[in-house]
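Reading the structure
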Amino acid sequence: MQKIIILDFGSQTTQLIGRRVRELDTFCEILPYNKYPVGDDADVIGVILSGSPFSVHDPEGFKPDLSPFLGKVPVLGICYGAQYLSYSLGGKVEKSDSREYGRAHLETVDTTNPLFCGFEQHSQVWMSHGDTITAIPEGFQVIGSTADVKYAAYAKDGVWAVQFHPEVFHTLQGKTLLKNFVVDICGSRQEWSAASFVDTTVAELREQLGQDRVILGLSGGVDSSVCAVLLNRAIGDRLTCIFVDHGMLRKNEFRKVMDAYKGLGLNVIGVDASEKFFADLAGVTDPEQKRKIIGRDFVEVFNAEAKKITDARWLAQGTIYPDRIESLNITGKVIKSHHNVGGLPKEMHLQLCEPLKWLFKDEVRRVGYQLEMPERLIKRHPFPGPGLAVRILGDITPEKVRILQDADDIYIESMLQYRCEDGEVLYDKIWQAGAVLLSTVRSVGVMGDERTYEHPVALRAVTSTDAMTADWAHLPYDFMAKVSNEIINKVRGVNRVCYDISSKPPATIEWE
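All of the points below concern the structure found in this document. If you're wondering where the values come from, they're calculated on a predicted model, not measured in any experiment.

Notes on the sheet that holds strand 12 (residues 268-272)
On the basis of which strands lie adjacent, the open sheet formed by five strands has the order 12-11-10-13-14 and parallel pairing. Across the chains shown, the open sheet's two edge strands, defined by having one partner strand only, are strand 12 and strand 14 (351-353). Adjacent strand axes in the sheet meet at a mean angle of 30 degrees when their direction is disregarded. Of the strands in this sheet, strand 10 (213-218), strand 11 (239-245) and strand 12 are in contact with helix 6 (residues 253-263), which crosses strand 12 at around 170 degrees.

With respect to the pattern of salt bridges
One pass over the structure, following the stated rule, counts 34 salt bridges. Linking aspartate 362 and arginine 19 is a salt bridge whose minimum nitrogen-to-oxygen distance equals 2.4 Å. Here aspartate 362, found in helix 10 (residues 361-370), pairs with arginine 19, found in helix 1 (residues 14-23); they are 343 residues apart in sequence, far enough to count as distant. Exposure class is identical for aspartate 362 and arginine 19. Each is buried. With a closest N to O distance of 2.7 Å, aspartate 408 and arginine 250 form a salt bridge. One end of the pair, aspartate 408, is in helix 12 (residues 398-417); the other, arginine 250, is in the loop between strand 11 and helix 6, and 158 residues separate them in sequence.

Quick word on unusual backbone geometry
The phi angle of most residues is negative, glycine excepted, and most peptide bonds adopt the trans form. The amide bond that connects lysine 504 to the next residue, proline 505, takes the cis arrangement and shows omega of -15 degrees. Turning to its location among the elements, proline 505 is positioned in the segment after strand 19 (494-499). Despite not being glycine, histidine 122 has its phi angle at roughly 65 degrees, a positive value. Structurally, the position occupied by histidine 122 is in the loop between strand 5 (92-109) and strand 6 (124-135). Positive phi is not limited to glycine here, since aspartate 157 has a value of about 40 degrees. Secondary-structure assignment places aspartate 157 in the loop between strand 8 (153-156) and strand 9 (159-162). Residue aspartate 157 is classed as exposed on the basis of its relative accessible area of 68%.

Some remarks on the side chain of serine 52
Examined against the element boundaries, serine 52 turns out to sit in the loop between strand 3 (44-49) and strand 4 (75-78). Engagement of the side chain of serine 52 in a polar contact is seen with the backbone nitrogen of phenylalanine 54, the distance being 3.1 Å. Residue contacts for serine 52: discarding those within four places in its chain leaves Phe9, Gly10, Ser11, Phe62 and Tyr80.

Observations regarding the pairing of strand 3
Of all six residues in strand 3, six are buried; the element is thus mostly enclosed. Looking at chain direction, strand 1 (residues 3-8) and strand 3 are connected through five bridges and run parallel. Counterpart to isoleucine 6 in the pairing with strand 3 is isoleucine 48. One ladder, built from three bridges, connects strand 3 with strand 4; its direction is parallel. Counted as the bridge partner of isoleucine 48 is leucine 76 from strand 4.

Focus on the pairing of strand 10
The sheet contact formed by strand 10 and strand 13 (residues 312-316) spans four bridges and is parallel. Each residue of the ladder has a partner; that of isoleucine 215, found in strand 13, is leucine 315. Judged from the five bridges that link them, strand 10 and strand 11 form a sheet pairing that is parallel. Paired with isoleucine 215 across the strands is threonine 240, a residue of strand 11.

Some remarks on the packing of aromatic side chains
The description of an aromatic ring pair uses the distance of the two centres, along with the angle that the planes make with each other. Across all of its chains, the model carries 22 aromatic pairs by this definition. A ring pair is formed by phenylalanine 27 and tryptophan 358, whose centres lie 5.8 Å apart and whose planes are at 85 degrees; its orientation type is edge-to-face. Remark: tryptophan 358 occurs in the loop between strand 14 and helix 10 and phenylalanine 27 occurs in strand 2 (residues 27-32); sequence separation between them is 331 residues. Accessibility expressed as a relative area gives 26% for tryptophan 358, which makes it partly exposed. Look at phenylalanine 298 and phenylalanine 302: their rings are 5.7 Å apart centre to centre, the planes differ by 20 degrees, and that puts the pair in the stacked class. You can see phenylalanine 298 and its partner phenylalanine 302 sitting in helix 8 (residues 287-306), four residues apart, about one turn around the helix.

As for the nonpolar core
With 52 residues, the main nonpolar core has Met248, Tyr411, Met415, Leu459, Leu475 and Ile487 as its most contacted residues. Per-element tally for this core: the top contributor is helix 12, with eight residues. When neighbours within four sequence positions are excluded, leucine 459 is seen to be in contact with Tyr411, Gly434, Ala435, Val483, Ile487, Val497, Cys498, Tyr499 and Asp500. Ranked by size, the runner-up nonpolar core spans 41 residues in total, among them Val214, Val257, Leu359 and Ile378.

A few points about the environment of threonine 310
Relative to the elements of secondary structure, threonine 310 occurs in the loop between helix 8 and strand 13. Classification of threonine 310 by relative accessible area gives exposed; the value is 72%. For threonine 310 and valine 142, which are 168 residues apart along the polypeptide, the C-alpha to C-alpha distance reads 65 Å.

Some thoughts on the packing of helix 5 (residues 222-235) against helix 10
Viewed as axis vectors pointing N to C, helix 5 and helix 10 meet at an angle of 40 degrees, and their least axial separation amounts to 10 Å. Judged on the interaxial angle alone, helix 10 and helix 5 are oblique. Relative to helix 10, the crossing made by helix 5 is left-handed. Residues Val222, Asp223 and Val226 of helix 5 form the contact with helix 10, whose participating residues are Lys361, Val364, Arg365, Val367 and Gly368. Its residues placed into classes, the contact of helix 5 with helix 10 shows four nonpolar, one polar and three charged.

How each quantity is defined
Residues numbered from 1 in each chain as written. Predicted model: local features only at pLDDT ≥ 70, side-chain atom pairs only at ≥ 80, totals over all residues. Heavy atoms only, no water. Pairing = 2+ DSSP bridges. Helix = DSSP H or I, 4+ residues; strand = E, 2+ residues; numbered from the N terminus. Axes fitted to C-alpha atoms, helices over the stretch in contact; angles between N-to-C directions. Contact = heavy atoms within 4.5 Å. Salt bridge = Lys/Arg side-chain N within 4 Å of Asp/Glu carboxyl O. Buried < 20%, exposed > 50% of the residue type's maximum accessible area, 1.4 Å probe, protein only. Polar contact = N/O pair within 3.5 Å; in protein donor to acceptor, adjacent residues only side chain to side chain. Phe/Tyr/Trp six-rings, centres within 6.5 Å; stacked < 30°, edge-to-face > 60°. Core = buried A, V, L, I, M, F, W, Y, C linked by side-chain atoms within 4.5 Å. Parallel < 35°, antiparallel > 145°, perpendicular 65-115°, else oblique. Left-handed = near helix turned anticlockwise from the far one by under 90°. Nonpolar A, V, L, I, M, F, W, Y, C, P; charged D, E, K, R; others polar.

Listed below in structure tokens is the structure:
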């Protein structure tokens, strides 16, 4: 299959470049800056070099060998990628007098160059760099400039470079630029689609798994559900699914999800292990420790159930691309641990199967539609593996979980019932929503002429496309007023409701 290789130099928007390429129905693979595939790979039709937090002059800056692909396939350098190309090929990169950040306009652009075909003059772009190119390598031509950046874009013989970010929303014709590179310059046949993924993956799974039995850990979320249906299509009843209830799911979630899975014809074993999880979490307040305990206990419970299936040889997981990217970035720093990333316990003696490992979340949903899964299941908001444990600040108790389940249920059900002015259901406009219990805080209130001293609840709702970045959702005031009133009146233990208006970055979507 044709693919674009994106070499990651540590930019926050590297994954966004990948999503933009996928939107062009073209497969891409994001690799660390120094991990370009060894040897000739006929499937690689182009290479994109991402931005970076470093300067090309920093001792710790990433400086890979370009020779494996330069001159062999088309190359596009973005921001740091453009500066590193200039630096490596004999140009000059210097510190700017002032940091060039934010909106700019291409005052001149060479629309005869294939990279800028269809571009308008004075098109808005987005800059984000502290260095700037002050001289381009010999033989290269300037093809785009802004008022402050002479070498905003340059090119020569299969190499293109731009000092702005075409992948971000604020570069108004960024999609056009990437289409010009991926489709017109690199020659993508645009064969990557949900339908082609299903057909190819089902065939690959049948070949990979043969007549073996597979065990899959279900979470109730979109990723594991789509993974289960995809595997079911490939191997039928040789798939056994295990759904572990750790006691921190949403209200009535265990029963609802079990009913949904049975409706899909899946073979599912449900395990209520909530007592074990609550006992092991008692007194624990550190968020990362909570995650690790839940991950460890999940493996123990899952393993005990899996051992009963003596002829199983594979463990399937709904791991998706952002899980793997976020768990360990190219600098080796863990952002947060994902309990379905990082290998298998040795005692399980199973091989790992991850059919969704190359997909972004929106692509998983498109695959779900292609598999004709119920819309309500496909449109489910992401939900953290540790569940409400990371939406309760402080230690975890069954009573705190009960309070949060009741508040969260009112919030989510109200969102499912509320129709916006355009007729769309509010829930469908939101990437992710949930309630957070501030159990380490108490606030004074008045109910029925009596003083109360109870917990606040914070509501969180964000808009996003892939969870790598997110903005807080501007919920209708009448909706927020109704939800706040209902939570305070109906949920014993809550006397105040707040709304989180933080974006990612710098905040994360979850509070812990």
